[in-house]
Amino acid sequence: RGQRVEIAEVELALLEQPDVKEAVVVAQPTEQEDVRLVAYVVARAGHSLQDSVVLTAVSKTLPGYMVPSVVVTLDELPVTSTGKVDARSLPLPEMQTRQTSETYVAPIDSLERVLVRIWEECLQVTPVGTHDKFLALGGSSLTALQVFRRIEVELGKKLPLNVMMEAETITELAQEIRREDYPPPWPSLVPLQAGGSLPPLYCVHGLGGHVMIYHQFASLLGPDQPVYGLRAQGLDGVTPPLISIEEMATQYVREIRTFQPEGPYYLSGFSLGGKIAFEMACQLQAQGAQIALVAPLDATVTPLLPGSRGEPSSFDDVKAESRAASHWQEIRKRSLPAGFLYLMRLIGRLWRFQVVKRIQRLTGRPAEIDDPSISPERRVKIAADSAAKRYKFKPYQGSVVLFRTEQMKMERADPVPVWQGWVSGSVDLIEIPGDHETMLHSPHVEVFANKMTDLLDEIHAQAHL
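Read on for an overview of the structure. Source: prediction; values computed, not measured. (Residues numbered from 1 in each chain as written. Predicted model: local features only at pLDDT ≥ 70, side-chain atom pairs only at ≥ 80, totals over all residues. Heavy atoms only, no water.)

### As for the overall build of the protein
1) Next: From N to C terminus, the protein includes 15 helices and twelve strands.
2) Next: The proportion of buried residues among the 465 residues of the protein is 45%.
3) Next: Pairs at least 24 residues apart make up 70% of the contacts formed inside the protein by residues separated by at least 6 positions. (Helix = DSSP H or I, 4+ residues; strand = E, 2+ residues; numbered from the N terminus. Buried < 20%, exposed > 50% of the residue type's maximum accessible area, 1.4 Å probe, protein only. Contact = heavy atoms within 4.5 Å.)

### So, the pairing of strand 9 (residues 265-270)
1) Next: Counting buried positions along strand 9 gives six out of six residues, so the element sits mostly inside the fold.
2) Next: Judged by which residues are buried, strand 9 turns out to be covered on both faces: Tyr-265, Leu-267 and Gly-269 on one side and Tyr-266, Ser-268 and Phe-270 on the other are all buried.
3) Next: Inspection of the sheet shows strand 7 (residues 201-204) paired to strand 9 by four bridges, in the parallel sense. Paired with Cys-203 across the bridge in strand 9 is Ser-268.
4) Next: Across six bridges, the pairing between strand 9 and strand 10 (residues 291-297) is parallel. Bridge pairing in strand 10 places Gly-269 opposite Pro-296.
5) Next: You can see the chain leave strand 9, run along helix 9 (residues 272-286) and come back into strand 10, and the turn it takes is right-handed. (Pairing = 2+ DSSP bridges. Right-handed = clockwise from strand over helix to strand, strands pointing away.)

### Considerations on the environment of Gln-216
1) Next: When you line up the elements, Gln-216 lands in helix 7 (residues 215-219).
2) Next: On a C-alpha basis, the gap between Gln-216 and Ala-449 in space is 9.3 Å, while along the polypeptide they are 233 residues apart.

### Topic: the pattern of salt bridges
1) Next: Per the stated rule, a full pass over the model turns up six salt bridges.
2) Next: The shortest N-O distance in the salt bridge between Arg-150 and Glu-121 comes to 2.4 Å. With Arg-150 in helix 4 (residues 141-155) and Glu-121 in helix 3 (residues 110-123), this pair connects stretches of sequence that are 29 residues apart.
3) Next: Classification of Glu-121 by relative accessible area gives partly exposed; the value is 27%.
4) Next: Among the salt bridges present, the one from Glu-279 reaches Lys-394, with a minimum N-O distance of 2.7 Å. Of this pair, Glu-279 sits in helix 9 while Lys-394 sits in the loop between helix 12 (376-390) and strand 11 (400-405), and the two are 115 residues apart along the sequence.
5) Next: Assessed through its relative accessible area of 29%, Lys-394 is described here as partly exposed. (Salt bridge = Lys/Arg side-chain N within 4 Å of Asp/Glu carboxyl O.)

### Brief notes about unusual backbone geometry
1) Next: In the segment running from Gly-263 into Pro-264, the intervening peptide bond is cis, with an omega of 5 degrees.
2) Next: Within the secondary structure, Pro-264 is located in the loop between helix 8 (245-259) and strand 9.
3) Next: A cis amide bond links Ser-442 to the next residue, Pro-443, at an omega of 0 degrees.
4) Next: You can see Pro-443 is positioned in the loop between strand 12 (427-432) and helix 15 (444-463).

### Side note on a nonpolar patch on the surface
1) Next: On the surface, Leu-343, Met-344 and Ile-347 cluster together into a nonpolar patch covering about 240 Å² of accessible area.
2) Next: By the secondary structure assignment, Met-344 is in helix 11 (residues 336-363). (Patch = residues over 30% accessible without salt bridge, like charges linked within 9 Å, V, L, I, M, F, W, Y side chains within 5 Å. Areas by Shrake-Rupley, 256 points an atom, 1.4 Å probe, with all protein chains shown as cover.)

### A few points about the nonpolar core
1) Next: By size, the foremost hydrophobic cluster in this structure holds 42 residues, and its most contacted members are Ile-256, Leu-267, Phe-278 and Met-280.
2) Next: For this core, the element with the most residues is helix 9, which contributes eight residues.
3) Next: Counting residues in each nonpolar core, the second largest holds 28 residues, with Phe-217, Ile-430, Leu-456 and Ile-459 among its members. (Core = buried A, V, L, I, M, F, W, Y, C linked by side-chain atoms within 4.5 Å.)

### A closer look at a negative patch on the surface
1) Next: Residues Asp-428, Asp-454, Asp-457 and Glu-458 make up a contiguous surface patch of negative charge.
2) Next: The element best represented in the negative patch is helix 15, accounting for three residues.
3) Next: Here Asp-454 lies in helix 15.
4) Next: You can call Asp-454 exposed: its relative accessible area is 51%. (Lys, Arg positive; Asp, Glu negative; His and termini not counted. Charge placed at Lys NZ, Arg CZ, Asp CG, Glu CD.)

### Notes on the side chain of Ser-268
1) Next: Tracing the backbone through its elements, the reader meets Ser-268 in strand 9.
2) Next: The class of Ser-268 is buried, set by a relative accessible area of 1%.
3) Next: Apart from residues lying up to four places away in sequence, Ser-268 is in contact with Leu-201, Tyr-202, Cys-203, Val-204, Gly-273, Ala-277, Ala-295, Leu-297 and Met-452.

### Points about the packing of aromatic side chains
1) Next: Evaluated as defined, the whole model comprises eleven aromatic pairs.
2) Next: Note on Phe-278 and Tyr-396: the rings are 5.8 Å apart at their centroids and 65 degrees apart in plane angle, and the pair reads as edge-to-face. Here Phe-278 is found in helix 9, whereas its partner Tyr-396 is found in the loop between helix 12 and strand 11, with 118 residues between them in sequence. For the pair shown, Phe-278 and Tyr-396 are each scored as buried.
3) Next: Both rings, one in Phe-278 and one in Trp-419, keep their centres 5.5 Å apart while their planes meet at 75 degrees; by these two values the pair is edge-to-face. Residue Phe-278 is located in helix 9, and its partner Trp-419 is located in helix 14 (residues 416-420); the two are separated by 141 residues in the primary sequence.
4) Next: Through pairs of rings, three or more aromatic residues link up here, namely Phe-278, Tyr-391, Phe-393, Tyr-396, Trp-419 and Trp-422. (Phe/Tyr/Trp six-rings, centres within 6.5 Å; stacked < 30°, edge-to-face > 60°.)

### As for the packing of helix 3 against helix 6 (residues 170-178)
1) Next: The contact between helix 3 and helix 6 brings their axes to 10 Å, and the two run at 125 degrees. On the basis of their axis angle, the class for helix 3 and helix 6 is oblique. As helix 3 packs across helix 6, the resulting crossing turns out to be right-handed. Side by side, helix 3 and helix 6 meet where Leu-111, Glu-112, Leu-115, Val-116 and Trp-119 of the first sit next to Ile-170, Thr-171, Leu-173, Ala-174, Ile-177 and Arg-178 of the second.
2) Next: Across the contact of helix 3 with helix 6, the residue classes break down as eight nonpolar, one polar and two charged. (Axes fitted to C-alpha atoms, helices over the stretch in contact; angles between N-to-C directions. Parallel < 35°, antiparallel > 145°, perpendicular 65-115°, else oblique. Left-handed = near helix turned anticlockwise from the far one by under 90°. Nonpolar A, V, L, I, M, F, W, Y, C, P; charged D, E, K, R; others polar.)

### Observations regarding the packing of helix 8 against helix 9
1) Next: Helix 9 packs onto helix 8 with a crossing angle of 65 degrees between their chain directions and a minimal axis gap of 9 Å. In the packing of helix 8 onto helix 9, the handedness of the crossing is right-handed. Touching Ile-245, Glu-246, Met-248, Ala-249, Thr-250, Tyr-252, Val-253, Ile-256 and Arg-257 of helix 8 are Leu-272, Lys-275, Ile-276, Glu-279, Met-280, Gln-283 and Leu-284, all from helix 9.
2) Next: Looking at side-chain class alone, the contact of helix 8 with helix 9 contains ten nonpolar, two polar and four charged residues.

Printed below as a string of structure tokens:
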């Protein structure tokens, strides 16, 4: 799912449990074309292991995406003649069986029964009650896509991915499917935690366009803090992706001002979302609105000086040199006529590539986002990446709070002086644990949420002085 997993770290976390004698973890493909982590464990003599207890224990030390989906208890691990674990002899895990609790609610009609079966098969969990929440069962954006593909095939309903945020249970999903006017409009504003009396915090999507990444973070801010996500247009496969940061910010500002006509506004965003949040603050300020907070999260893009052109990164230079060397070696390996033909074809490909790039620079619209063979998620990502590269910062009359991970601190220079060039007020830096991939997952998201809560409390207290 795009996350870097160190198998050795997962096995070490399992071996730290007092009742676990041996452990091995493998990445196993599923029937739904997903990949899950499966842990095989052997209990110490005289001890027994419960799957739920083991998973709960390791989830306290590992980020969520590194916690195994399934734990299989064996009497002993199969080994080869050399004494190594024989991964090919490990048994395939059966579907995970949950204990039926008092809150379990059975499906009431044929539609709910079909949806329960689809969830159980995609999530590899049984039984699923109609009031069980998708994310609480281990669901992810990738699993949601698998569920929706099955719904489209079996029920003939094409659903956008946002439904899993708004209809978290089987009962709510069935109600959405029964609606005669489905599919509903595709707003960017998504409630992550709608309750509470405090001013809402708006979290802008990253490069992928989804806001499910903020789900755990929103729940940790407390029941009195409303949190709303701003997802990218185009994820529904119907509306076209937006192709500039300015367009995105304009749409998101329009939606939050419809929902909350007056400030103060609290804006944040992960990675690319930090840049969009900054542009939103500039546009809101131009409209005379009050901005209480602009807080980019691990924003990695460095603003350029006004009127300057970006130079290619050293990584891009290395890739270009590597490709050129590879093509030259290919030409030298061939005979003279064959090498000449290869060179002519290469020049033709390069010319077409440059023409496409020239059109993209003039129109600002990557050709790939109009390709129906590419998934909506991929088209949104291509459009967002192009928008990020073309965006130019503008002066902002206010302050900014930057959240930076430990990894970003080690890999990049101090961002404060660069941001200070665009900001008239202060630029404060808050360090948080983890890296770009783990900051919104346990255990780092708890620390991040605590620091965001402290920051919000401080701003609220100052507002009442």
